[in-house]
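# Examination of the molecular architecture
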Amino acid sequence: MNCFFCGGSMEEGVTSHVVTLEKCIIIVKNVPCLKCGQCGETFFEDSVAERLEEIVSTLQTVVTEIAVVEFTRSAA
Ligand SMILES: [Zn+2]
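Residues numbered from 1 in each chain as written. Predicted model: local features only at pLDDT ≥ 70, side-chain atom pairs only at ≥ 80, totals over all residues.

The next point concerns the overall build of the protein chain. Within the protein chain one finds one helix and four strands. Traced from its N-terminal end to its C-terminal end, the protein chain shows the element sequence β-β-β-α-β. The C-alpha extent of the protein chain, read off along each of the three principal axes, is 40 × 25 × 15 Å. Within the protein chain, counting contacts between residues at least 6 apart in sequence, those at least 24 apart form 56% of the total. (Helix = DSSP H or I, 4+ residues; strand = E, 2+ residues; numbered from the N terminus. Contact = placed C-beta atoms within 7 Å.)

On to the confidence of the model for the protein chain. For the protein chain, the mean per-residue pLDDT works out to 93, and 97% of the residues sit at or above 70. When mean pLDDT is compared element by element in the protein chain, strand β2 (residues 25–36) scores highest at 97, while strand β3 (residues 42–43) scores lowest at 94. (pLDDT = per-residue confidence, 0-100.)

What follows concerns the environment of Leu34. Tracing the sequence through the fold places Leu34 in strand β2. A sequence separation of 21 residues divides Leu34 from Gly13, and the C-alpha atoms of the two residues are 5.9 Å apart. Excluding residues within four positions of it along the chain, Leu34 makes contact with Met1, Met10, Glu11, Glu12, Thr42 and Phe43.

This part is about unusual backbone geometry. Glycine aside, residues mostly have negative phi, and peptide bonds are mostly found in the trans state. One non-glycine residue, Asn30, adopts positive backbone phi at about 55 degrees. Turning to its location among the elements, Asn30 is positioned in strand β2. Using a count of 13 C-beta atoms within 10 Å as the deciding quantity, one classes Asn30 as partly exposed. (Buried ≥ 20, exposed ≤ 12 C-beta atoms within 10 Å, placed from the backbone.)

Relative to β2, strand β1 (residues 10–20) runs antiparallel, the two sharing ten bridges. Looking at β2, one finds that Glu11 is bridged to Lys35. Adjacent in sequence and paired antiparallel, β1 and β2 are bridged by four residues. Inspection of the sheet shows β2 paired to strand β4 (residues 66–70) by five bridges, in the parallel sense. When the sheet's bridge partners are listed, Lys29 is paired in β4 with Glu70. Here β2 folds back onto β3 in antiparallel fashion, the turn holding five residues, of which Gly40 has a positive phi close to 85 degrees. (Pairing = 2+ DSSP bridges.)

See below:
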């Protein structure tokens, strides 16, 4: 797979996903991703992106300021 933006080669890695919401900030660490070696653009697989949405939607109901969590594949 090549980078959608620059055509560089993508490598597997992990990244931190930061979501800034109206009332809080959620940081999800160690999210598996593909990262472009050329421009640094990151991509998430569909399953990872869906899981991130779940994590964020769950946390935003309980977090008031800032939350830092580890990415997990399954629901806690
Ligand atoms: Zn790129």
